[in-house]
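Breakdown of the fold
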Amino acid sequence: MVLYGCLVMKLYEQLLEELSQRIEQGYYPVGSKLPSIRSLSSERGVSISTVQEAYQRLEERGLAEVRPKSGYYVQGRSAVPALPEVSRPAQRPLEVSHWEQVYHLLNSEKGQGHMALGTAMPAIDSPTLKPLMKALVEAAKFSSDQFLNYCDIRGSEKLRKQIARLAVDSGCQLHPDEIIITTGCQEALVCSLRAITQPGDIVATDSPSFYGSTQAIKALGLKALEIPTHPETGISLEALELALDQWPIKAIQVTPTCNNPLGYTMPEERRKALLRLAQQYDLPIIEDDIYGDLYYKSPRPRTIKSFDEEGRVLLCSSFSKTLAYGLRLGWVAPGQCTERVLHKKFVSTVSNPPVQQEAVAEFIAQGGYERHIRKMKAQYQLARDMMVDLVEAFFPEGTRISYPAGGYLLWVELPIEVDTVKLNKRLESKNISIAPGVIFSASGKYRNCMRLNFAKKPDEKMKQALQYVADEAQRLIDEA
Ligand SMILES: Cc1ncc(COP(=O)(O)O)c(C=O)c1O
């Protein structure tokens, strides 16, 4: 039985790898029909169930889709959409503005029946999260001694061991003692910034940039120097070098993998070049890897941290995008700055509640994390293409769209006449909201841009909401 089980496993895995390679090499082009289950089974001399298993896994990888009564097809768009322009932020350090707009976005996630199209919330209704819910309940039953006490400031060792194990996928060899558990990635970013800067210092960031990190820059009395950023290759190293020559920059902050909001994933060569630049100017890099594990293809890209032999990269991440953000569980691997970051963590929140840490550690140890991620990546990739198709179909001519290789966020650049703050205001009457571009800039740029979420496959209600947003955008153009 076991032998039979192993044999089946081997055969379907073999077939899966072969099919994946053929798709990735373009042998089976996007949109083409894959061989029928029956024909593949007789051609290969394997059982129908082996082929079915291979096709199901192919679907989970986001490489194939099943069409009722027709069979399996290669999944995906055949062409990248018209991408946003390379950003051109202000060329000087700035105080970060637009907190009110950020507050509005965060608040808009509440209310019943609200269609929040712009949040960065993952899908949390997958059955692959059920074992996590169970682990949370089990963990809460443990003895009060274990769970009503302070946890180690660094966080649970069991969880840190699991995080170190997962980090191997991104090329990182981390010892659990190099990791500090934090309250989400936000606290990891704040503790990192506090450990390496003084009020008044300048931090270079990619642009557009996640509003949580720019608002942290504001709250700590720092200035942001936004660097032009390419929608496919990320922060411009050429522009960064010029800025480093001109300004006394104290740190570089980037989200190089499945970037929020622009969607780029920096190629490996550019990651290494960024690290070389940081070495040349003797600067720390804060690397936000929160969406890294949601890169659709395998293996996922290596972190900048994985090339860093001196400990100058402070790697920040969390389970907020991969599992759920209500867990409030993040971590930082601060390299040389570990002791300083640990002190900031202590004065910030002392330590994290033990129950969530135990549950998440157990979930990962049981293989639940990898199973969940495999499923979510396939779901998000499929939803990305559906969402891009919808935006292309509904939105005014001249609209440009990002094409992320992972995660579930889309950056939409509308014609210049569309002010997305105004647009958001108009959407209120329909109980819809988007994330206006201004909150991703220190100085209120990107007024004609917005961020959309495609964590859930667009259903009829969402399509209607999108159509409404697109119509309002067109009205703004007509009025201008
Ligand atoms: C790029 C990025 N970094 C950090 C965070 C904050 O994450 P957390 O909820 O884990 O604090 C977010 C959340 O949206 C994010 O998109």
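This is a predicted model, so every value here is computed, not measured.

Things to note about the pattern of salt bridges
- Within the structure shown, the criterion is met by 31 salt bridges.
- Note that Arg67 is salt-bridged to Glu65, the shortest N-O span being 3.4 Å.
- Taking the relative accessible area as the measure of exposure, Glu65 reaches 24% and is therefore partly exposed.
- The partner of Lys463 in a salt bridge is Glu460, and the shortest N-O contact between them spans 3.7 Å. Residue Lys463 and its partner Glu460 are both found in helix α16 (residues 460-479); the two are separated by 3 residues, about one turn of the helix.
- Take Lys463: its relative accessible area is 26%, and that puts it in the partly exposed class.

Re the packing of helix α15 (residues 420-427) against α16
- Where α15 contacts α16, the two axes come as close as 10 Å, and the packing angle between them is 125°. Judged by the inter-axis angle, α15 sits oblique to α16. The two elements α15 and α16 meet at a crossing, and its hand is right-handed. Across from Lys422, Leu423, Arg426 and Leu427 in α15, the residues of α16 making contact are Tyr468, Val469, Glu472, Ala473, Arg475, Leu476 and Glu479.
- In terms of residue class, the contact of α15 with α16 is made up of 6 nonpolar, no polar and 5 charged.

So, the environment of Tyr291
- Turning to its location among the elements, Tyr291 is positioned in the loop between β10 (285-288) and β11 (313-318).
- Distance in space between the C-alpha atoms of Tyr291 and Ile416 is 29 Å, their sequence separation being 125 residues.
- Setting aside anything within four residues of it in sequence, one finds Tyr291 in contact with Ala120, Thr257, Cys258, Asn260, Lys321, Tyr408 and Leu409.

A word on the site of the ligand
- Within the structure, the ligand sits among 14 residues, and Asn260, Asp288, Ser318, Ser320 and Lys321 are positioned closest to it.
- In the environment of the ligand, an oxygen atom lies 2.9 Å from a nitrogen or oxygen atom belonging to the backbone of Gln186.
- One of the side-chain nitrogen or oxygen atoms of Lys321 is found 2.7 Å away from an oxygen atom of the ligand.
- For the ligand, the protein covers 94% of the area, taking 390 Å² as the surface of the free molecule.
- Here the shell around the ligand gets 4 residues from one element, more than from any other, and that element is helix α8 (residues 184-196).
- When its residues are assigned to classes, the shell around the ligand shows 6 nonpolar, 5 polar and 3 charged.

A word on the side chain of Asn352
- Here Asn352 is to be found in the loop between α12 (338-349) and α13 (354-365).
- The exposure class assigned to Asn352 is buried, which follows from its relative accessible area of 5%.
- In terms of polar contacts, Asn352 uses its side chain to reach the backbone carbonyl oxygen of Thr182, at 3.4 Å.
- Of the polar contacts made by the side chain of Asn352, one reaches the side chain of Lys345; its length is 2.7 Å.
- Apart from the residues lying within four places of it in its own chain, the contact partners of Asn352 are Cys151, Ile181, Thr182, Thr183, Glu187, Arg328, Leu329, Lys345 and Gln357.

Notes on α16
- Compared with the 28 Å implied by 1.5 Å per residue over 20 residues, the 29 Å span of α16 between its first and last C-alpha is a close match.
- Packing partners of the buried residues in α16 comprise β3 (115-116), α14 (368-394), α15, β15 (432-433) and β17 (449-453).

Digging into the sheet that holds strand β12 (residues 330-333)
- Taken in spatial order, the 7 strands make up an open sheet running β4-β12-β11-β10-β9-β5-β6, and their pairing is mixed. Whereas interior strands pair on both sides, the edge strands pair on one side only; in this sheet they are β4 (180-182) and β6 (223-227). If you compare each strand with its neighbour and ignore which way they point, the axes differ by 25° on average.
- The pairing of strand β9 (residues 249-254) with β10 spans 3 bridges and is parallel. Across the sheet, Ile252 pairs through a bridge with Ile285, a residue of β10.

As for the environment of Met266
- When you line up the elements, Met266 lands in the loop between β9 and α11 (268-280).
- For Met266, a relative accessible area of 2% translates into the label buried.
- In sequence terms Met266 and Gly234 are 32 residues apart; their C-alpha atoms lie 5.3 Å from each other.
- The residues contacting Met266, other than those within four sequence positions of it, are Thr233, Gly234, Ile235, Leu237, Pro256, Arg271 and Leu274.

Re the domain arrangement of the protein
- Looking at the assigned domains, one finds that the protein contains domain 1 (11-74), domain 2 (108-125 + 370-479) and domain 3 (143-366).
- Look at where the C-alpha atoms of domain 1 and domain 2 centre, and you get two points 32 Å apart.

Re the packing of aromatic side chains
- Inspection of every chain in the model, using the stated rule, returns 10 aromatic pairs.
- Between Phe319 and Trp331, the ring centres sit 4.8 Å apart and the planes meet at 50°, which makes this aromatic pair tilted. With Phe319 in the loop between β11 and β12 and Trp331 in strand β12, this residue pair connects regions lying 12 residues apart in the sequence. Trp331 shares its class with Phe319; the two are buried.
- Between Trp411 and Phe440, the ring centres sit 5.4 Å apart and the planes meet at 85°, which makes this aromatic pair edge-to-face. One end of the pair, Trp411, is in strand β14 (residues 409-413); the other, Phe440, is in the loop between β16 (435-436) and β17, and 29 residues separate them in sequence. By the burial criterion, Trp411 is buried, and Phe440 matches it.
- Ring pairs connect the aromatic residues Phe210, Tyr211, Trp411, Phe440 and Tyr446, which therefore count as one cluster.
- Here the guanidinium or amino end of Arg67 rests over the ring plane of Tyr73, the centre of that ring lying 3.8 Å away.

The rules behind these values
- Residues numbered from 1 in each chain as written.
- Predicted model: local features only at pLDDT ≥ 70, side-chain atom pairs only at ≥ 80, totals over all residues.
- Heavy atoms only, no water.
- Salt bridge = Lys/Arg side-chain N within 4 Å of Asp/Glu carboxyl O.
- Buried < 20%, exposed > 50% of the residue type's maximum accessible area, 1.4 Å probe, protein only.
- Helix = DSSP H or I, 4+ residues; strand = E, 2+ residues; numbered from the N terminus.
- Axes fitted to C-alpha atoms, helices over the stretch in contact; angles between N-to-C directions.
- Parallel < 35°, antiparallel > 145°, perpendicular 65-115°, else oblique.
- Left-handed = near helix turned anticlockwise from the far one by under 90°.
- Contact = heavy atoms within 4.5 Å.
- Nonpolar A, V, L, I, M, F, W, Y, C, P; charged D, E, K, R; others polar.
- Near = heavy atom within 4 Å.
- Polar contact = N/O pair within 3.5 Å; in protein donor to acceptor, adjacent residues only side chain to side chain.
- Areas by Shrake-Rupley, 256 points an atom, 1.4 Å probe, with all protein chains shown as cover.
- Expected span 1.5 Å × (residues − 1).
- Pairing = 2+ DSSP bridges.
- Domains from an automatic or database assignment.
- Phe/Tyr/Trp six-rings, centres within 6.5 Å; stacked < 30°, edge-to-face > 60°.
- Lys NZ or Arg CZ within 6 Å of the ring centre and 35° of its normal.

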